[in-house]
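A look at the structure
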Amino acid sequence: MVKKLNKQYETPNEGWNEERINREDSLKEDYGLSKKQEIHKAQSQVRDLRRQARKLAAAEDENRTQKFLGKVNRLGLIREDDHLEDVLSLKVTDILDRRLQTAVNRRGFSDTASEARQLVVHGHVYVDGQRVTVPSYLLTQEEEKEVELRMPEPEEEPEEVEEETEEAEDEASEESEETTEEDEE
């Protein structure tokens, strides 16, 4: 039997909150997101990081704390000399800024965030030499330097093919003229 996958995010508890909806709409517009689900995923990621930081602060395990801070630092969410308190102050925009789609837009490969999303989805963006087609891919600090855009070169059509088609059209029109003359006789 196939295992059913769990959701990777939590939706808001209240159904209608105009302030939250307006805030989500502005984030969706600013970052070129296709669905509010992407905002909910980013909120869940921030929530999970905060939860881990609180657990580590309570456990006082220095080794695990340093590994966790190293991981969060590699993602570019905090600086190297920051502490657990800085992880607790993360916002949704911090996660959205680390997305591949945002990096493509920020580097000037596209004019808008929606165009950046299209470039990623169509497979024109490479990270460290590998094609990445997921706009929500979280870049590490090292990978962010390796983002490049490879647009396909337009192919030139050979002129010989055009000449051959013109000759074929001329022959076809001559043949049709001959058949109409024979029909008239």
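For the structure itself, look to the data block above.
Quick look at the structure, then.

Our focus in this paragraph is the overall build of the protein chain. Secondary structure assignment for the protein chain yields 9 helices and 3 strands. Sequence-ordered secondary structure for the protein chain, helices as α and strands as β, is α-α-α-α-α-α-α-β-β-α-β-α. Scored against the burial criterion, the 185 residues of the protein chain give a buried share of 30%. Working note: accessible area of the protein chain is about 13,600 Å², and carbon and sulfur atoms make up 43% of it.

What follows deals with unusual backbone geometry. A positive phi angle is found at Glu60, which is not glycine, with a value near 55 degrees. Mapping Glu60 onto the fold places it in the loop between helix H2 (37-59) and helix H3 (62-74). Exposure remark for Glu60: the relative accessible area of 69% places this residue in the exposed category. Although it is not a glycine, Asp128 sits at a positive phi angle of roughly 55 degrees.

A few words on the sheet that holds strand S1 (residues 125-127). The sheet built from 3 strands is open, its strands ordered S2-S1-S3 with antiparallel pairing. Both outer strands of the open sheet, strand S2 (130-131) and strand S3 (147-149), are each paired with one neighbouring strand and no more. In this sheet, S2 lies alongside S1 in antiparallel orientation, the contact comprising 2 bridges. Within the sheet, the bridge partner assigned to Tyr126 lies in S2 and is Arg131.

Checked against the element boundaries, Lys36 lands in the loop between helix H1 (18-31) and H2. Assessed through its relative accessible area of 24%, Lys36 is described here as partly exposed. Sequence separation between Lys36 and Glu24 is 12 residues; the distance between their C-alpha atoms is 6.9 Å. Lys36 has contacts with Ile21, Glu24, Asp25 and Lys28, leaving out every residue within four places of it along the chain.

Considering the arrangement of structural elements, one finds His40 in helix H2. The class of His40 is buried, set by a relative accessible area of 8%. Counting along the chain gives 30 residues from His40 to Glu10, while the straight-line C-alpha distance between them is 6.4 Å. Those residues in contact with His40, other than ones at most four positions away along the chain, are Tyr9, Glu10, Pro12 and Glu24.

In this section: helix H7 (residues 113-121). Among the residues of H7, Ala113, Ala116, Arg117, Leu119 and Val120 are the ones counted as buried. Down the axis of H7, the buried side of the element spans an arc of 160 degrees, and every buried residue falls inside it. Structurally, H7 contributes buried residues whose contacts are with H1, H2, helix H6 (100-106), S1 and S3.

About the cut-offs
- Each chain carries its own residue numbering, running from 1 in the direction its sequence is written.
- Given that this is a predicted model, residues contribute local features only at a pLDDT of at least 70 and side-chain atom pairs are listed and counted only at 80 or more, while totals for whole chains, interfaces and linings are drawn from all residues.
- In computing side-chain properties, one takes all heavy atoms of the structure into account and sets aside hydrogens as well as water.
- Note on conventions: DSSP H or I runs of at least 4 residues are helices, E runs of at least 2 residues are strands, and numbering of each starts at the N terminus.
- For every residue, the accessible area (1.4 Å probe, protein chains only) is compared with the maximum for its type, and the residue is labelled buried under 20%, exposed over 50%, or partly exposed between those bounds.
- Residue burial considers only the protein chains on display, and all accessible areas are found by Shrake-Rupley using a 1.4 Å probe.
- Between any two strands, at least two bridges found by DSSP are needed for them to pair.
- Here, residues are in contact when the closest pair of their heavy atoms is within 4.5 Å.
- Note: the arc covers the axis-to-C-beta directions of the helix.

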